[in-house]
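Examination of the molecular architecture
The primary structure of each chain is shown beneath.
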Amino acid sequence: MALSPIVSSKGTTWRGGLTMCLLTLFATLHINLFGQSVALTFLPVIGVCLWPRFSNPPASIVLLFIFGLLLDFLTFEPLGIRSLIYLIIFTVFRPDLRLKSFRFNMALAYWIGAILLSLILSYFLGWLGRSVKPEWTALLYQGLLAMALFPLIYGIRHIFKTLMKDVGLRGF
Amino acid sequence: MYRSELNSPRATHITLLLAFALSAILFAADRNSEGFLEREKVGVGSVISPILTVISHPFRGIENFAGQFKDRNRALAENKALKEELYRLREAKERSDIVAMKLARFEQILGTDFGGDVPQQKIAARAVSEIDGPFVRSALINAGRKRGVKVGHAVMTVDGLYGHVLRVGSNSSRVLRLEDLNSRIAVMSSESGATAILAGDNSHQPVLTFASDIAEWDIGSTVITSGDGGVLPRGLPIGTVANGGPSRLVVDLNVTGSPIDWVWVLPFTPISPPEADPVSSDGDSQIAEAIGASGQESP
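Computed from a predicted structure; not experimentally measured.

1. Description of the overall build of chain B
- Across its full length, chain B holds 4 helices and 13 strands.
- Counting across all 299 residues of chain B, residues that qualify as buried make up 38%.
- Of the contacts formed within chain B by residues at least 6 apart in sequence, a portion of 55% connects residues at least 24 apart.

2. Some remarks on the overall build of chain A
- When its secondary structure is counted, chain A shows 7 helices and 3 strands.
- The order of helices and strands in chain A, counted from the N terminus, is β-α-β-β-α-α-α-α-α-α.
- Taking all 172 residues of chain A together, 55% fall into the buried category.
- For chain A, the exposed area adds up to about 7500 Å²; of that, 74% sits on carbon and sulfur atoms.

3. Re the packing of helix α4 (residues 81-93) of chain A against helix α1 (residues 9-32) of chain B
- At their nearest, the axes of α4 of chain A and α1 of chain B sit 8 Å apart, and the two run at 150° to each other. In terms of orientation, α4 of chain A and α1 of chain B fall into the roughly antiparallel class. Relative to α1 of chain B, the crossing made by α4 of chain A is left-handed. Note on element contacts: α1 of chain B touches α4 of chain A through Leu16, Ala19, Phe20, Ser23, Ala24 and Phe27 of chain B, opposite Ile81, Ser83, Leu84, Leu87, Ile88 and Thr91 of chain A.
- Within the contact of α4 of chain A with α1 of chain B, the residues separate by chemical class into 9 nonpolar, 3 polar and no charged.

4. Description of the confidence of the model for chain A
Residue and element names in this part refer to chain A.
- Mean pLDDT over chain A works out to 78, with 81% of the residues at or above the 70 mark.
- At the low end of the mean pLDDT range in chain A sits strand β1 (residues 4-5), at 40; at the high end sits α4, at 89.
- Below pLDDT 50 for its whole length, residues 1-8 participates in 20 contacts with residues either more than four positions away or in separate chains.

5. Regarding helix α3 (residues 57-75) of chain A
- An ideal rise of 1.5 Å per residue puts 27 Å on 19 residues; α3 of chain A measures up with 27 Å between its terminal C-alpha atoms.
- Of the residues flanking the end of α3 of chain A, it is Phe76 of chain A, one or two places downstream, whose phi is positive at about 65°.

6. Notes on the packing of α3 of chain A against α4 of chain A
All names here are of chain A.
- It is the contact of α3 with α4, at a shortest axis distance of 7 Å, that shows an interaxial angle of 145°. Note that α3 runs across α4; the crossing there is right-handed. Contact with α3, carried on its side by Ser60, Ile61, Leu64, Phe65, Phe67, Gly68, Leu69, Leu71 and Asp72, involves Ile81, Arg82, Ser83, Tyr86, Leu87 and Phe90 of α4 and no other residues of that element.
- In terms of residue class, the contact of α3 with α4 is built from 10 nonpolar, 3 polar and 2 charged.

7. Regarding the pattern of salt bridges
All names here are of chain B.
- All told, the structure shown has 5 salt bridges over all chains when counted by the stated rule.
- Between Lys93 and Asp97 there is a salt bridge, and its shortest N-O distance comes to 3.1 Å. Taken together, the positions of Lys93 and Asp97, both in helix α3 (residues 75-110) and 4 residues apart, correspond to about one turn of that helix.
- With relative accessibility at 51%, the residue Lys93 sits in the exposed group.
- Arg248 is paired through a salt bridge with Asp201; the nearest N and O atoms lie 3.4 Å apart. Within this pair, whereas Arg248 is found in the loop between β11 (237-243) and β12 (249-253), its partner Asp201 is found in the loop between β8 (195-199) and β9 (207-209), the two being separated by 47 residues in sequence.
- Take Asp201: its relative accessible area is 27%, and that puts it in the partly exposed class.

8. Concerning the nonpolar core
- Ile46 and Trp111 of chain A are the most contacted members of the largest nonpolar core, which totals 62 residues.
- Secondary-structure elements contributing two or more residues to this core are α1 (13-27), α2 (44-49), α3, α4, α5 (104-130) and α6 (136-163) of chain A together with α1 and α2 (38-73) of chain B.
- In terms of residue count, α5 of chain A provides more of this core than any other element does, 9 residues in total.
- Once residues lying within four places of it in the same chain are set aside, the contact partners of Ile46 of chain A are Leu23, Trp111, Ala146, Phe150 and Ile153 of chain A.
- Counting 36 residues, the second-largest nonpolar core is a separate cluster that includes Ala154, Ala196, Leu208 and Val241 of chain B.

9. Considerations on the pairing of β12 of chain B
Residues and elements named next belong to chain B.
- Burial analysis of β12 places 4 of its 5 residues in the buried class, the great majority of the element.
- Sheet analysis places β11 next to β12, joined by 5 bridges and oriented antiparallel. Paired with Ala242 across the bridge in β12 is Val250.

10. Digging into a negative patch on the surface
- A surface patch of negative charge is lined by Glu191, Asp213, Glu216 and Asp218 of chain B.
- Checked against the element boundaries, Glu216 of chain B lands in the loop between β9 and β10 (222-225).

11. Section: the side chain of Thr13 of chain A
All names here are of chain A.
- Along the chain, the position of Thr13 falls in helix α1.
- Thr13 sits in the buried class, given a relative accessible area of 12%.
- Beyond its immediate chain neighbours, meaning those up to four positions away, Thr13 contacts Trp51, Ser55, Asn56, Ala59, Ser60 and Leu63.

12. Thoughts on the packing of aromatic side chains
Residues and elements named next belong to chain A.
- The full count for this structure, using the stated rule, is 6 aromatic pairs over all chains.
- Ring centres 5.4 Å apart and planes at 50° place the aromatic pair Phe93 and Tyr110 in the tilted group. Residue Phe93 is located in helix α4, and its partner Tyr110 is located in helix α5; the two are separated by 17 residues in the primary sequence. Tyr110 matches Phe93 in its accessibility class, with the two residues each being buried.
- Pairwise contacts between aromatic rings join Trp111, Phe150 and Tyr154 into one cluster.

Analysis parameters
Residues numbered from 1 in each chain as written. Chains lettered and ligands numbered in written order. Predicted model: local features only at pLDDT ≥ 70, side-chain atom pairs only at ≥ 80, totals over all residues. Heavy atoms only, no water. Helix = DSSP H or I, 4+ residues; strand = E, 2+ residues; numbered from the N terminus. Buried < 20%, exposed > 50% of the residue type's maximum accessible area, 1.4 Å probe, protein only. Contact = heavy atoms within 4.5 Å. Areas by Shrake-Rupley, 256 points an atom, 1.4 Å probe, with all protein chains shown as cover. Axes fitted to C-alpha atoms, helices over the stretch in contact; angles between N-to-C directions. Parallel < 35°, antiparallel > 145°, perpendicular 65-115°, else oblique. Left-handed = near helix turned anticlockwise from the far one by under 90°. Nonpolar A, V, L, I, M, F, W, Y, C, P; charged D, E, K, R; others polar. pLDDT = per-residue confidence, 0-100. Expected span 1.5 Å × (residues − 1). Salt bridge = Lys/Arg side-chain N within 4 Å of Asp/Glu carboxyl O. Core = buried A, V, L, I, M, F, W, Y, C linked by side-chain atoms within 4.5 Å. Pairing = 2+ DSSP bridges. Patch = residues over 30% accessible without salt bridge, like charges linked within 9 Å, V, L, I, M, F, W, Y side chains within 5 Å. Lys, Arg positive; Asp, Glu negative; His and termini not counted. Charge placed at Lys NZ, Arg CZ, Asp CG, Glu CD. Phe/Tyr/Trp six-rings, centres within 6.5 Å; stacked < 30°, edge-to-face > 60°.

This is the structure we're talking about:
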């Protein structure tokens, strides 16, 4: 088996998987506050955006495919639509090629870009899948909600990073 | 530190291509086949619903807290209105009891018993996941076949009809909400008795279509299930009629705006068509006898 030197990917892919698992479960929940419904369907896109830099790319792709499919199963949306969206975002943003660890401004810019891309993809793939134009106001509302939640998720990630030792080596 | 060939760019590209191809195949298959991987979808829902029940607990707490806060603000005004309503209802209940007594007496005299359409037995369940997405308006509840839930059963909240059961797993069921694009419910106006079809359009206000007579639908009149088609029981409250634009009537659903936590599944048995409910040979002979008897009696 040929070996090549690289920074260890061991122990970082599971973190991305765990984050995606939690975000997928939260994405299926529905909250109603003061008469306003709060749907978090776009929340897992944060997981794709903040995917660990030094993760194993093939394993990451498989995990993204599985979690995308799981969300489709749970939300009864066209099968494969989330997997396609996650894979396209992963291909465009390539977290494994990121040189530096995220700072807040950079992460926010990434996040807004990813949300806009996933909104466009959701609209057109949903249209193709259901042969009916999706309700764009619902899409936009969910996208804005996901953007508003970003600082919270980033904060939780930051706390998690601080709690973990040797973050530089682990590449999170 | 090292990585193996499994971690190489080539392996990444192959995995990515395979994942894309598989996703596209699933997407195309789901588009062309309505019941594609239906059993698996129900199975995944059954497995995940207990986890979602646990995770949703804190959120239900937040919802209830927000609801209480809102309720307290309007408690005084509501209290006054409720007292007035209570006085009116007491009188109405007395009259209703007398009418029910008369009806029971008439039924006894005529030897008939129409009974009530709405079943007495209810199956309580929790809505663990509600999808308010751009494509689907559905919910996952944590009661399934093991508790007697079947496809087509009506699902209610304390406010009114929420939807009907679309798919059933062993421990969970998928509910198609009234707002969903595919939802079609036979309804009637409780005031005029006019009938229509309530069609969901993925908005919060489903549309009244195929109205028997549009003039008989007044803004603000109460919409209930008509029981036509024998799929849902008659008389389940749905909402009130609202103006949805020129010659377009929509319905303000009773369930809109309130947090959905507990729901009730009504195990209503739909009317079977004669083909599925054949008369036994004894029944045939009885009918033949009855026809013969009536034939002999006639001049």
